[in-house]
Amino acid sequence: MSEPRKLEVLRAIVEDYVHSREPVGSKALVERHHLGVSSATIRNDMAALEDEGLITAPHTSAGRIPTDKGYRLFVDQISAVKPLSPAERKAIQSLLEGSDDLDDVLDRTVRLLSQLTNQVAVVQYPHLSRATIRHIEFVLLAPRQVLLVLIATTGKVEQRVIDVGQDLGEDAIAALRTHFLSSLAGTPLSRLGQSLPGVVFSVAPGQRAAAQALAHGLETLAHSSREDRMVMAGTANLARSNVDFPLSIGPVLEALEEQVVLLRLLSDMAQDPRGVTVSIGRENPYDGLAEASVVATAYGPDSTAKVGVLGPTRMDYPTTMAAVRAVARYLSRILGP
């Protein structure tokens, strides 16, 4: 069998199986696809594909389904990620634009990506190694109670209420806010802890205890911003594809629950030249994802965090890759400088 026809037959099997969930037979291939050869020739081609480990018989039926190796060859033949339709692009734009709050943007992102792909969508929070302080706000709630708000250049907003240990008036808290903001604006979050002692020391002695409490609160907020976290949507889509996890859907759900597994997997996925990386079945280092595929790409100013989807290996890879790439591009544009 020639190499082009082998790839054509494999492509037809993958597309039919993804669409129908049923093992694919030679007769169906001849009827549905213009392969230009007889059913007997297709049967020989399928036998050759099976010998190479690209397709397999799930049981004694006449049909065949792709293996992880077959899906991998199929995905590797996708030379360019197809663009989304104008309607899909408009939907992404209208849903993601109009919010400056990072939590809201990422929440919208995973809900949208989950709807576009009918899979579980995940997004890592941007790595804030290069993030700096954009704004600090102190809001007096009671004479000793202050709401701290820390806004990073990524749009991430962290806030908490603290007790400053002494009574403060509106003028005093406004002066402290001005002092902290003028001293710290533009400071990298990773170096905030080193900068704060000097800021506290330069405050008038009578307000130094309050300044120390404010500094401690800001340092805690900066630490929260740097934690590796992710947002997820569409777990119900997995339940609907229970048939795609013949061994058990349990390990996949456990991997989603233990976010550290997915975070590590996303972080370790190398960037593909096409811009979208695909990890199929047993290529995933975590055994619980042996029947799942992950499609992901980097986004953001420094392209270190990832956005992607997780679903069964029986996945519409071209459409999923297109959706992941398009959403990542809009996300990068929104979060860009």
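Let us look at the structure shown here.

1. A short note on the overall build of the protein
Counting its secondary structure elements, the protein contains 13 helices and 10 strands. Its C-alpha radius of gyration of 26 Å places the protein more than 25% over the 20 Å reference for a compact globule of 337 residues. Structurally, the protein occupies a C-alpha span of about 90 × 35 × 30 Å along its principal axes. Within the span of the protein, comprising 337 residues, buried residues form 50% of the whole. Pairs at least 24 apart in sequence give 61% of the contacts found in the protein among residues at least 6 apart.

2. Remarks on unusual backbone geometry
Trans peptide bonds make up most of the peptide bonds, and negative phi angles are found at most residues other than glycine. Although it is not a glycine, Arg21 adopts a positive phi angle of roughly 65°. Structurally, the position occupied by Arg21 is in the loop between helix H1 (3–20) and helix H2 (26–32). Non-glycine residue Asn118 carries a positive phi angle of around 55°. As for its position among the elements, Asn118 is in the loop between helix H6 (102–117) and strand E3 (120–124). Looking at Asn118, the relative accessible area reads 54%, which means it is exposed.

3. Thoughts on the packing of aromatic side chains
Scanning the model with the defined rule gives two aromatic pairs in all. Here Tyr71 and Tyr317 contribute two aromatic rings whose centre-to-centre distance is 5.6 Å and whose plane-to-plane angle is 55°, an arrangement assigned as tilted. With Tyr71 in helix H4 (residues 68–76) and Tyr317 in helix H13 (residues 317–335), the pair connects residues that are 246 residues apart, well separated along the chain. The same class applies to Tyr71 and to Tyr317, which are both buried. Taking 5.4 Å as the distance between ring centres and 70° as the angle between the ring planes, the aromatic pair formed by Phe138 and Phe180 counts as edge-to-face. A residue pair is termed long-range when its members are at least 10 positions apart, and Phe138 in strand E4 (residues 133–142) and Phe180 in helix H7 (residues 170–184) qualify at 42 residues. Of the two residues, Phe138 and Phe180, neither departs from the other in class, the shared state being buried. The ring of Phe201 has Arg208 lying over it, and the distance from NZ or CZ to the ring centre is 5.1 Å.

4. Thoughts on the sheet that holds strand E6 (residues 157–163)
Sheet strands pair via backbone hydrogen bonds, and the direction of the pair is either parallel or antiparallel. Strand order in the open sheet formed by three strands is E4-E5-E6, with antiparallel pairing between adjacent strands. Both edges of this open sheet fall to E4 and E6, since each of them pairs with a single strand only. Averaged over all neighbouring strand pairs, the angle between strand axes comes to 15°, with direction disregarded. Pairing of E4 with strand E5 (residues 145–152), which is carried by eight bridges, proceeds in the antiparallel orientation.

5. Some points on the layout of surface pockets
The calculated volume of the second largest pocket comes to roughly 330 Å³. Forming the walls of the second largest pocket are 16 residues, and the residues nearest its centre are Thr117, Asn118, Gln119, Arg314 and Asp316. When contributions to the lining of the second largest pocket are tallied by element, the ones reaching two or more residues are H6, helix H10 (235–240) and H13. Residues of the lining of the second largest pocket, tallied by class, amount to four nonpolar, seven polar and five charged.

6. Here we look at H1
If you check H1, its first and last C-alpha atoms are 26 Å apart, about what 18 residues at 1.5 Å a residue would give, namely 26 Å. When we look at burial in H1, the residues that qualify are Lys6, Val9, Leu10, Ala12, Ile13, Val14, Asp16, Tyr17 and Val18. Close packing links the buried residues of H1 with H2, helix H3 (39–51), strand E1 (55–56), strand E2 (65–66) and H4. Positive phi shows up at Arg21, right after H1, with a value of about 65°.

7. Quick notes on the nonpolar core
The biggest cluster of nonpolar side chains holds 56 residues, and the ones touching the most others in it are Leu29, Val295, Tyr299, Tyr317 and Met321. It is H13 that provides the largest number of residues to this core, a total of 11 residues. Not counting chain neighbours up to four residues away, the residues in contact with Val295 comprise Val276, Thr277, Val278, Val307, Gly308, Val309, Met315, Tyr317, Thr320, Met321 and Val324. If you look at the next biggest cluster of nonpolar residues, it comprises 32 residues, including Ala131, Leu140, Leu150 and Leu214.

8. Regarding the environment of Ser39
Structurally, Ser39 can be placed in helix H3. Exposure remark for Ser39: the relative accessible area of 23% places this residue in the partly exposed category. Along the primary structure Ser39 and Ala28 are separated by 11 residues, whereas in three dimensions their C-alpha atoms are 9.0 Å apart. Ignoring sequence-local partners within four residues, the contact set of Ser39 consists of Ser26, Lys27 and Val30.

What counts, and where the lines are drawn
Residues numbered from 1 in each chain as written. Predicted model: local features only at pLDDT ≥ 70, side-chain atom pairs only at ≥ 80, totals over all residues. Heavy atoms only, no water. Helix = DSSP H or I, 4+ residues; strand = E, 2+ residues; numbered from the N terminus. Rg over C-alpha atoms; globule rule 2.2 N^0.38 Å. Buried < 20%, exposed > 50% of the residue type's maximum accessible area, 1.4 Å probe, protein only. Contact = heavy atoms within 4.5 Å. Phe/Tyr/Trp six-rings, centres within 6.5 Å; stacked < 30°, edge-to-face > 60°. Lys NZ or Arg CZ within 6 Å of the ring centre and 35° of its normal. Pairing = 2+ DSSP bridges. Axes fitted to C-alpha atoms, helices over the stretch in contact; angles between N-to-C directions. 1 Å grid on protein atoms, 1.4 Å probe; cavity = no way out; pocket = protein on both sides within 12 Å on 5 of 7 lines; lining within 4 Å. Points joined across faces, edges and corners; volume = space filled by probe spheres on them. Nonpolar A, V, L, I, M, F, W, Y, C, P; charged D, E, K, R; others polar. Expected span 1.5 Å × (residues − 1). Core = buried A, V, L, I, M, F, W, Y, C linked by side-chain atoms within 4.5 Å.

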